[in-house]
Every structure is written in C-alpha cells, then in structure tokens.
Amino acid sequence: MNRKISSLFFAFLFVLIGSFASAQHENEGGKSAEKVEHKEGEKGFNATEMIMEHIGDSNEWHLWTTKDDNGEEHHVSVPLPIIIKDNEGWHTFLSKDIAHGQEKDGYTMHHGKVTSTKGIKEARLFALISGKQSASDSYFDLSITKNTASMLISVIFMAVIFIGMARNYKKSQLPKGAGRLLEPVIVFIRDEVAIPNIGSVKYKRYMPYLLTAFFFIWFNNLFGLIPFFPFGANLTGNIAITSVLAVITLLITLFSANKDYWKHIFMPPVPLLLYPIMVPIEIIGIFTKPFALMMRLFANVTAGHIMILAIISLIFIFKSPLLGFASVPLALFVSVLELLVAALQAYIFTVLSALFIGIAVQDHHHEEHAH
C-alpha cells in the first residue's frame, strides 16, 4: 500500500511540474518572443547536454565552470594523460594541451573527448574485424579517461583497505579499523550468497571473485554519488565496465562447468523430438544470463544519476528558485534512495553470479540415484 501511495505521489508531482511547464510556456510564448530566442552568442541551459556530460566518460576531469564580467566561460578541470597511437607514431601529452579548441599533433578535444583534426577516425574493434575500417588510417586512443582514473582510485582504495585487514588478521583474529565494518559484510557474502548457491564444498574457490565483484561495484556506486573530485564518475553506469564484469562471470561459469552442466545443455531432459527447439534455447541461455547481469547494473545505476540530475535541472529550465523547494528535497530523497540501490545492485550482481556458477558446478548424480 505504501509503495502504491509513493508511486502515485511521484506521478502526481511530475504531472504537476509538467503542467506548470506547459502553462508557463503558453503564457510566455506569444508575449515575449525575444525572450525565447537567445541573444547572439548567448548559450542557454541545455539539460540533456549537462546530464550526458555528467554520466558520460571524458578525457578530462571537469570540476566547475565560471564566467567573468564579459560573459566568457572559464572551465576548471583536472588534466588527464592522452596516449594516442597512429600511423605517425605515439603521441603523449596532457588533456589541457588540447582543451578549449587548442590543437596538438593533429588532435583536439570536443565536448571532453579527443578528436582528430587530420580527418582520421578512432579505431573500432568490430569495424577493424569486419574490414570496414583500416588500421593504417585510424588512431588508437589509449588515454586515461575519467572512468579509468576513477577505477584506478577505487582499486587502490580497495587494496589499501583489504591488505591492511589481512595484516591485522595475521597479528590478531580480532578485527580492527575497517575490518570491524567490513567483516560482517564478508561473512554475509560467504554464508548467505556463496554457500547456498555454490555449496559448502566448492564455494571457497569462488569467494575471491565474489567478494571482489561485490566490493568493487558497491564502492564505485558510492563514489559515483559523491559530487566532488576525486569522486563523481559514473563508472558502474558505463556499459563497458558492466560488460567486462559480466564476461568474467561468464568465463568463470564456462570453465568451471562440469559434465552434468554440458549434458543439460546439449541433452536436456525432454523428449527427443523437442531437441531442435530446446538445445538452441539452452545455448542462447548461456549468453542471456551475463547479458542480463550487464544491462541490469548499467541501467539501474545510470537511471539513478539521470533522475537526480534531471530533478535539479528543473530549477534552471524554469529559471525559478521557488522550484528548488520541491526539486531539492526530491533530489535529496532520490540520493538517499541511491545509497540503498548502491548496495542492492552490488548484492544482486554477486548473488546472480554465484547462482550461475553454482548451476555450472552442481553435481546431479545423487539425483539420478534417487530416481
């Protein structure tokens, strides 16, 4: 009942805001056309561009933008290394050397991303494989992007935390420092995720991956909610990251699978006439499981960031500070909700990974004897 009331409340709120926007547009549209059209050289607020810049990757870590008395924008960013390989060789420099329209070695930066001014395109894996693109007239971008830097920061953070925990456990069995907070989480993953899904005999082999995946996703989900440097990157909302995690789960599942698993795939327990239907379905199911892992994490994390930014954007779209009394508390509520989603998505990914691995390593001969 409470969920229905909450859903109706938010639906009513967005309908109310939409109605207010339509009414405001109708009242101001015919009365002041010159206000709708921006002055020459003046740039209006673009919510879509702002949101995409925040959730997307870039070759610089943008901090803030200021305007001087002449209306010129000044961007403050943390420069990141640019590493490019093309037919002329290697090019290495910092992103600040090609920012704001500057050019170096035939490259510049457009909307935070490296582009070539020499008319060549960035090399794409599938385009190279299919022959639609040639490596000789392409460039390979190996730069350290915002998401890459954020990933390295989270890896260093996890290494410091867990190496410190391991050293403390060598000295004493009593947890200290961060171990007091994280030990119950580790025990929970072992007792409630790994053992029930994989089994009490084989679970230890997969605990390192399950714990790494859980804490990597959880920490980066939390870091993405912190709006200042060196946090705020949408790492787990990047489909490249979620796809790699899903592929790792797939590879572990396939290389750990026993003969019972493959027998179920190619010799399912159905009448022989149904094999032409069931075998392809089972084979497709091998790949749909990691695909679901990839899309679930990507979509949920990205949707949360978009929702928060969209709610805040309403203040600038309508240019009314009064709207802040509605949008700011709502954005704060969604942000608090995202704290729960951060842990929940990490838990769901870990549970499903353990479930898929457990299905692949489960022994079925005891069931055959029972029948």
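Residues numbered from 1 in each chain as written. Predicted model: local features only at pLDDT ≥ 70, side-chain atom pairs only at ≥ 80, totals over all residues. Heavy atoms only, no water.

Going by what an unreviewed UniProt entry lists, the protein chain is known as ATP synthase subunit a and is assigned to Chryseobacterium piscicola. The record in UniProt for the protein chain states the following under Function (unreviewed entry): "Key component of the proton channel; it plays a direct role in the translocation of protons across the membrane." The annotation that UniProt attaches to the protein chain under Sequence similarities (unreviewed entry) is "Belongs to the ATPase A chain family." (UniProt positions renumbered as here; feature names shortened; annotations may be inferred.)

Undergrad: Can you help me understand the overall build of the protein chain in this one?
TA: Scanning the protein chain from N- to C-terminus turns up 12 helices and 8 strands. In the protein chain, buried positions account for 35% of the 371 residues. Considering only contacts in the protein chain between residues 6 or more positions apart, those separated by 24 or more positions represent 61%. Accessible surface, the protein chain as shown: approximately 23000 Å² in total, 66% of it carbon and sulfur. (Helix = DSSP H or I, 4+ residues; strand = E, 2+ residues; numbered from the N terminus. Buried < 20%, exposed > 50% of the residue type's maximum accessible area, 1.4 Å probe, protein only. Contact = heavy atoms within 4.5 Å. Areas by Shrake-Rupley, 256 points an atom, 1.4 Å probe, with all protein chains shown as cover.)

Undergrad: Looking at this structure, I do not really get unusual backbone geometry. What am I missing?
TA: With the exception of glycine, the majority of residues adopt a negative phi angle, and the majority of peptide bonds are in the trans configuration. The omega angle of the peptide bond from Phe-229 to Pro-230 is 5°, so this bond is cis rather than trans. For Pro-230, the position within the fold is in the loop between α7 (207–225) and α8 (239–256). Even without being a glycine, Asp-105 presents a positive backbone phi close to 55°. Its place among the elements puts Asp-105 in the loop between β4 (89–94) and β5 (107–110).

Undergrad: Sorry if this is basic, but what is going on with a nonpolar patch on the surface here?
TA: A contiguous nonpolar patch, built from Phe-266, Met-267, Ile-283 and Phe-287 and spanning about 400 Å² of accessible area, is present on the exposed surface. Following the sequence through the fold, Phe-287 ends up in helix α10 (residues 275–318). For Phe-287, a relative accessible area of 48% puts it in the partly exposed group. (Patch = residues over 30% accessible without salt bridge, like charges linked within 9 Å, V, L, I, M, F, W, Y side chains within 5 Å. Salt bridge = Lys/Arg side-chain N within 4 Å of Asp/Glu carboxyl O.)

Undergrad: Any chance you could explain the side chain of Ser-95 here in plain terms?
TA: Residue position: Ser-95 is located in the loop between β4 and β5. Judged by relative accessible area, Ser-95 falls into the buried class, the value being 1%. Setting aside residues no more than four positions away along its own chain, Ser-95 makes contact with Asn-59, Glu-60, Pro-79, Leu-80, Ile-82 and Met-109.

Undergrad: Explanation requested: the pattern of salt bridges in the structure shown.
TA: One side chain can pair with another of opposite charge once the charged atoms of both are near each other. Here the structure, examined in full by the defined rule, presents 5 salt bridges. Residues Lys-118 and Glu-88 are paired through a salt bridge, measuring 3.6 Å at the closest nitrogen-oxygen approach. You can see Lys-118 sitting in the loop between β6 (113–116) and β7 (121–122) and its partner Glu-88 sitting in the loop between β3 (81–86) and β4, a full 30 residues away along the chain. Overall, the relative accessible area of 34% leaves Lys-118 in the partly exposed class. Taking the relative accessible area as the measure of exposure, Glu-88 reaches 58% and is therefore exposed. Salt bridges here are not isolated pairs; linked through shared partners, they connect Asp-86, Glu-88 and Lys-118.

Undergrad: What is the right way to look at the side chain of Thr-302 in this model?
TA: You can see Thr-302 is positioned in helix α10. A relative accessible area of 10% places Thr-302 in the buried class. Ignoring any residue separated from it by four or fewer positions in sequence, one finds Thr-302 in contact with Ile-55, Asn-234 and Gly-237.

Undergrad: Can you help me understand the sheet that holds strand β8 (residues 138–141) in this one?
TA: Strand pairing in a sheet relies on backbone hydrogen bonds, with the paired strands running either antiparallel or parallel. Taken together, the 4 strands give an open sheet; going across it, the order is β4-β3-β8-β7, and neighbouring strands pair in mixed fashion. Each end of this open sheet is capped by a strand with a single partner; those strands are β4 and β7. In this structure, β3 lies alongside β8, joined through 2 bridges in antiparallel fashion. Its bridge partner lying in β8, Lys-85 is registered against Phe-140. (Pairing = 2+ DSSP bridges.)

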